[in-house]
Amino acid sequence: MPCETPSLRRALLNGAAVLGLLLLFACGVSAAEPMIITSVSKQFVVRGVLQRSALAAGAKDDYAYLDPSTLAVTCEKVKRALAQELGWGDRWRGNIFVNIHPVRRDRERPDIRALLTDRGWAYRIDLPDEISRRHLLEALVETLVLEFADRASTNHSVELPPWLVEGLTAHLSEGRLAGIALQTRTLQQLNDEPLLRAPRNVNHIAVDQALRQRVQNGGVLNIDQLNWPEFDGDQAMSAEDYHYSAHLLVRELLRLRGGPDALCAALASLPGYLNWQTAFLRGFEPHFKRMLDVEKWWSITLSQWGAHDVSVFWSSPEARRKLEEILYTPMEVRLPNDPQPHITPVALQTVLSDWNFQQQSPLLQMKLDQLRVAQLHSTSNLTALVGGYRSTLAKYLETRRNPGRFLAERRARAAVAQAIEELNALDEQRQRLAGEARPANTSAARANATRSEVVHPAREGAQPAAAWSEPRPNLAPLPLFGP
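Reading the values: rules and limits
Chains are numbered independently. Their residues run from 1 in the order of the written sequence. Per-residue local features are limited, in this predicted model, to residues with pLDDT of at least 70; the limit for side-chain atom pairs, both in listing and counting, is 80 or more; totals at the level of whole chains, interfaces and linings are taken over all residues. Side-chain measures here rest on the full set of heavy atoms in the structure, leaving out hydrogens and waters. For the purposes of this entry, the term helix denotes a DSSP run of H or I that reaches at least four residues, the term strand denotes a run of E that reaches at least two, and both are numbered from the N terminus. Throughout, exposure labels follow a simple rule: accessible area from a 1.4 Å probe, protein chains only, divided by the maximum for the residue type, with under 20% read as buried, over 50% as exposed, and the rest as partly exposed. Counting rule applied: Lys, Arg positive; Asp, Glu negative; His and chain ends not counted. Each salt bridge in this description consists of a side-chain nitrogen of Lys or Arg and a carboxyl oxygen of Asp or Glu lying within 4 Å of one another. Under the rule applied, a polar contact is a pair of N or O atoms within 3.5 Å (in protein, one hydrogen donor and one hydrogen acceptor; residues adjacent in sequence only if both atoms are side-chain atoms). Residue contacts are defined here by distance: any two heavy atoms, one from each residue, within 4.5 Å place the two residues in contact. A residue's pLDDT is the predictor's confidence in that residue, given on a scale from 0 to 100. Pairing of aromatic side chains requires ring centres within 6.5 Å, counting the rings of Phe and Tyr and the six-membered ring of Trp. Pairs whose planes differ by under 30 degrees are stacked, by over 60 edge-to-face, and all others tilted. The nonpolar core is taken to be a set of buried Ala, Val, Leu, Ile, Met, Phe, Trp, Tyr and Cys residues, with the residues joined through side-chain atoms within 4.5 Å.

A. Representation of the side chain of lysine 79. Residue position: lysine 79 is located in helix α3 (residues 68-86). This buried residue, lysine 79, is left without a salt bridge; glutamate 76 holds the nearest opposite charge, at 4.7 Å. Only 3.3 Å separates the side chain of lysine 79 from the side chain of serine 41, close enough to count as a polar contact. Excluding anything up to four places from it in sequence, lysine 79 contacts Ser41, Gln43, Phe44, Asp90, Trp92 and Leu144.

B. Quick look at the confidence of the model for the protein chain. Scored by pLDDT, the protein chain comes out at a mean of 75, with 68% of its residues at no less than 70. The weakest mean pLDDT in the protein chain belongs to helix α17 (residues 443-449) at 40; the strongest belongs to helix α9 (residues 259-269) at 95. Counted against residues more than four places away or in other chains, residues 53-59, with its pLDDT under 50, gives 17 contacts.

C. Just the packing of aromatic side chains, in detail. Taken as a whole and judged by the stated rule, the model has 10 aromatic pairs. Centroid distance tryptophan 163 to phenylalanine 280: 6.0 Å. Interplanar angle 85°. Geometry classified as edge-to-face. Here the residue tryptophan 163 occupies a position in the loop between α4 (133-149) and α5 (164-173), and phenylalanine 280 occupies one in helix α10 (residues 276-283), the gap between them amounting to 117 residues. Per residue, the accessibility class of tryptophan 163 equals that of phenylalanine 280, and both read buried. An angle of 80° between the planes, with centres 6.4 Å apart, marks the rings of tryptophan 276 and phenylalanine 280 as edge-to-face. On the criterion of helical spacing, the pair formed by tryptophan 276 and phenylalanine 280 is a turn pair, its members being 4 residues apart in helix α10. Accessibility expressed as a relative area gives 4% for tryptophan 276, which makes it buried. A relative accessible area of 4% means that phenylalanine 280 is categorised as buried. Each residue in the set Trp163, Trp276, Phe280, Phe284, Phe288, Trp297 and Trp298 is aromatic and connected to the rest through ring pairs, giving one cluster.

D. Structural view of the nonpolar core. By size, the foremost hydrophobic cluster in this structure holds 68 residues, and its most contacted members are Trp88 and Trp163. Considering each element in turn, this core owes the most residues, 10 residues, to α4. Residue contacts for tryptophan 163: discarding those within four places in its chain leaves Leu226, Asn227, Tyr242, Ala246, Leu249, Val250, Leu253, Trp276 and Phe280.

E. Fine view of the environment of leucine 274. Residue placement: leucine 274 occurs in the loop between α9 and α10. For the pair leucine 274 and valine 158, spaced 116 residues apart in sequence, the C-alpha to C-alpha distance is 9.0 Å.

F. Highlighting the pattern of salt bridges. As enumerated under the stated definition, the model contains 17 salt bridges in all. Among the ionic pairs, aspartate 369 bridges to arginine 372, the shortest N-O distance being 3.0 Å. Note that aspartate 369 and arginine 372 are positioned in helix α14 (residues 357-377) at a spacing of 3 residues, about one turn of the helix. Residue class for aspartate 369 comes out buried when judged on its relative accessible area of 9%. When its relative accessible area of 28% is taken as the criterion, arginine 372 is described as partly exposed. Arginine 413 is the partner of glutamate 409 in a salt bridge, and the nearest nitrogen-oxygen pair spans 3.2 Å. Residue glutamate 409 and its partner arginine 413 are both found in helix α16 (residues 408-434); the two are separated by 4 residues, about one turn of the helix. For glutamate 409, a relative accessible area of 46% translates into the label partly exposed. Judged by its relative accessible area of 29%, arginine 413 is partly exposed.

G. Quick look at the side chain of glutamate 85. Checked against the element boundaries, glutamate 85 lands in helix α3. The buried category is assigned to glutamate 85, whose relative accessible area is 17%. At 2.8 Å, the side chain of glutamate 85 and the side chain of arginine 176 are in polar contact. If sequence neighbours within four positions are ignored, glutamate 85 has contacts with His171, Leu172, Arg176, Leu254 and Pro260.

H. Spatial organisation of the environment of arginine 113. Tracing the backbone through its elements, the reader meets arginine 113 in strand β5 (residues 111-117). Of the residues examined, arginine 113 reaches a relative accessible area of 47% and is grouped as partly exposed. A C-alpha to C-alpha distance of 9.6 Å links arginine 113 and serine 157, two positions 44 residues apart in sequence. Excluding its chain neighbours within four sequence positions, the residues that come into contact with arginine 113 are Ala122, Tyr123 and Arg124. Polar side-chain contacts of arginine 113 include one of 2.9 Å to the side chain of aspartate 111.

Rendered as structure tokens:
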């Protein structure tokens, strides 16, 4: 073996150092070069580099470390899952450009923008290269839903229901997207190709049981809270409560007969309306005519799930206030020597006595629906009282709608008298439960005080009941606005 001289050894060391520096420089240039990957369907264009945070990342189960090629596959899988869940086809119109950048701050969220070009809508998603799986999937789901809903829009991107993306993503994450969020391999495994985790098998019964336990032990929100979330201030709701409530809402909407088709119809209708509520009712028209019907259905659904959170039920003062709003209807009245109309609350007894049945029927049916919802929300000490009002109105409507062939007019007068008598008794019970006498300036007192000062509509010939034998007021036959 030949012996090495010091000069030769120094030359070899210098050559190795230079070669190492060259290799390191070449690797740095290569790593800094962005990759642009187009997905299989050509809808997604992903741009990014393999960032340092991805190379040094640990194996956090709740985080994804983004690689452009792997993310392009994930985008296609999310698109396929949505298409299978909602019945979408493979056609699309708007490109989605995904830009991966180095993480800038802790808990950085995705940025989604809709851009109207001369070729139609396009979308850009800016993602940090280290992001929670949930936020990644929500960003992809939101963009795909926007692309579907914007296809008929020509001037502005649509507004989605606030609970839709979060609830739909949670629903898919427990089903078709279970385990799909990618995890780039760690530094020791970079010699292998980065892979997606295999989707886990989902036991839907176990998912239902876990969700049921969560809504029973935790929080579940009502429709108003889901439609107008408040995460700041004294009455701030929990983000976790909102997440699980949105999950349950979307899950139950999709379980309705034709639920996926109805949701697609609602999304397709969004460009034609100023607010998403109208489009939602248009899509779910076979199930809901009004948002009040949605609230009733949601209350029944929660009772079936055994939800007992206080957000579902009204406090006693709130329940009494809402019950009074149902029992007294704002009406337009005209006072003597005053040409200007005034608004005054009118009791149900006045409606039964003074209006003909064709005018009463739609209002009383609306009151019956509102009482049904109030009974579901009321606390235990008011549930029986609200049920009493419901029973009285339901029995009265049934009698008036089916008076029989003989003595119809006499039976109508008897039905009015009996209903007024029962309503008077219920009003007394309500005042006792309130624990205090109603002040003279409350809605009931104002209604009674102005009863003899207004002009009343045509009657159907029935005499007033004994308890209401004084001269009747003249009220506008239809409410200007409901409670």
